[in-house]
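# Structural description and commentary
Listed here are the chains, written in short residue letters.
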Amino acid sequence: MEIRHPLPPFTEETAREKVKLAENGWNSRDPIKVAQAYSIETEWRNRDQFINGRDAVQEFLKTKWTKELDYKLKKELWAFSDNRIAVRFEYEYHNSAGQWFRAYGNENWEFNEQGLMTKRYASINDLKIDESERKL
């Protein structure tokens, strides 16, 4: 049985730890490693895409990081209760043409008893920026 600590129900300390682990994982830009944090049957909404299952998450991330180059993410705990966490985030990347972007968003997460994320709902907006405007 897969277990991914910290486990729910979350305290402020364990919720912050879960957010930091997610941030570190996504900043690795390793689709296999990141996908392991999600349950086999995980459900996602990412912008206008609906993604179901760990294998689909892995493929989504692989595609994402071939397009979003030099990706760097910062997440912040917004709220938590029992087995749910809400975060706000921003990340920066550039495309193959060299255009930089900063993305802003919010995510709602739900976890099973083993600490794997079963649901991830993300709302994200991109803003074109000059490379000189990068913060991350």
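Structure shown above.
In what follows, the accompanying structure is described. (Residues numbered from 1 in each chain as written. Predicted model: local features only at pLDDT ≥ 70, side-chain atom pairs only at ≥ 80, totals over all residues. Heavy atoms only, no water.)

## Things to note about the pairing of strand β1 (residues 38-46)
Here is the rule we go by: DSSP calls a pair of strands paired once it identifies at least 2 bridges connecting them. The way it works is that DSSP assigns letters per residue, a run of H or I at least four long becomes a helix, a run of E at least two long becomes a strand, and they are numbered from the N terminus.
With 5 bridges joining them, β1 and strand β6 (residues 117-129) adopt parallel strand pairing. By the bridge assignment, asparagine 46 is partnered in β6 with alanine 122. Alignment of β1 against strand β2 (residues 49-52), held across 4 bridges, turns out to be antiparallel. From the neighbouring strand, asparagine 46 faces β2, where its bridge partner is glutamine 49.

## With respect to the layout of surface pockets
Put simply, the rule reads: With a 1 Å grid laid over protein atoms only, a set of points is called a cavity when a 1.4 Å probe fits there but cannot get out and a pocket when it is open yet has protein on both sides within 12 Å along at least five of seven lines; lining residues have an atom within 4 Å of a point. Grid points are joined across faces, edges and corners, and a volume is the space filled by probe spheres set on the points. Any residue outside Ala, Val, Leu, Ile, Met, Phe, Trp, Tyr, Cys, Pro, Asp, Glu, Lys and Arg is labelled polar, Gly included; the first ten of those are nonpolar and the last four are charged.
Reported here for the largest pocket is a volume of approximately 270 Å³. Forming the walls of the largest pocket are 16 residues, and the residues nearest its centre are Arg4, Lys18, Leu21, Ala22 and Ala37. Going through the elements one at a time, α1 (12-28), α2 (31-35) and β5 (100-111) are the ones with two or more residues in the lining of the largest pocket. The greatest single-element share of the lining of the largest pocket, amounting to 6 residues, is contributed by α1. Residues that form the lining of the largest pocket fall into these classes: 9 nonpolar, 4 polar and 3 charged. Taken as a whole, the second largest pocket holds about 220 Å³ of empty space. In terms of lining, the second largest pocket is formed by Asn46, Arg47, Gln49, Phe60, Thr63, Lys64, Lys67, Glu68 and Tyr93. With 4 residues, the top contributor of residues to the lining of the second largest pocket is helix α3 (residues 54-67). Considered class by class, the residues forming the lining of the second largest pocket number 2 nonpolar, 3 polar and 4 charged.

## Brief notes about the pattern of salt bridges
Defined as follows: One speaks of a salt bridge when a side-chain nitrogen belonging to Lys or Arg is within 4 Å of a carboxyl oxygen belonging to Asp or Glu. Note on classification: 1.4 Å probe, protein chains only; a residue is buried when its accessible area is under 20% of the maximum for its type, exposed when over 50%, partly exposed between these limits.
Applying the stated criterion across every chain, the model contains 15 salt bridges. The partner of glutamate 92 in a salt bridge is arginine 102, with the nearest N and O atoms 2.9 Å apart. Of the two residues, glutamate 92 is situated in strand β4 (residues 84-94) and arginine 102 in strand β5; the sequence distance between them amounts to 10 residues. Of the two residues examined, glutamate 92 and arginine 102, each falls in the buried class. The closest approach of N and O atoms between glutamate 110 and lysine 119, which form a salt bridge, is 3.9 Å.

## Focus: the environment of alanine 22
Defined as follows: Contacts: residue pairs with any heavy atoms within 4.5 Å of one another.
Structurally, alanine 22 is set in helix α1. Considering only alpha carbons, one finds alanine 22 and phenylalanine 111, 89 residues apart in sequence, at a separation of 13 Å. When sequence neighbours within four positions are dropped, the list of residues in contact with alanine 22 reads Lys75 and Trp109.

## A few points about the nonpolar core
Here is the rule we go by: For our purposes a nonpolar core is just a set of buried Ala, Val, Leu, Ile, Met, Phe, Trp, Tyr and Cys residues, chained together by side-chain atoms within 4.5 Å.
By size, the foremost hydrophobic cluster in this structure holds 29 residues, and its most contacted members are Trp26, Trp44, Leu61, Ile85, Tyr91 and Trp109. Mapped by element, the contributors of at least two residues to this core are α1, α2, β1, α3, β3 (69-81), β4, β5 and β6. Top element by residues in this core is β4. It accounts for 5 residues. Ignoring anything within four residues of it in the chain, the contact list for tryptophan 44 reads Trp26, Tyr38, Gln49, Phe50, Ile51, Val57, Phe60, Leu61 and Arg120.

## Regarding the packing of aromatic side chains
As a reminder of what qualifies: Whether two aromatic rings pair depends on their centres lying within 6.5 Å, for rings of Phe, Tyr and Trp, where Trp uses its six-membered ring; planes under 30 degrees apart make the pair stacked, over 60 edge-to-face, and the rest tilted. Over a ring means this: the NZ of a Lys or the CZ of an Arg is within 6 Å of the ring centre and within 35 degrees of the ring normal.
Taken as a whole, this structure holds 11 aromatic pairs when the rule is applied. Look at tryptophan 26 and tryptophan 44: their rings are 6.1 Å apart centre to centre, the planes differ by 20 degrees, and that puts the pair in the stacked class. Of this pair, tryptophan 26 sits in helix α1 while tryptophan 44 sits in strand β1, and the two are 18 residues apart along the sequence. Exposure remark for tryptophan 26: the relative accessible area of 5% places this residue in the buried category. Ring plane angle 85 degrees and centroid distance 5.6 Å describe the contact between tryptophan 26 and tryptophan 65, whose orientation is recorded as edge-to-face. Within this pair, whereas tryptophan 26 is found in helix α1, its partner tryptophan 65 is found in helix α3, the two being separated by 39 residues in sequence. Aromatic ring contacts, followed pair by pair, group Trp26, Tyr38, Trp44, Phe60, Trp65, Tyr71, Phe89, Tyr91, Tyr93 and Phe101 into a single cluster. Across the ring face of tryptophan 26, the terminal group of lysine 75 is positioned such that the distance to the ring centre comes to 5.5 Å. Of note, lysine 75 hangs over the ring of phenylalanine 89, and the distance from its end group to the ring centre comes to 5.0 Å.

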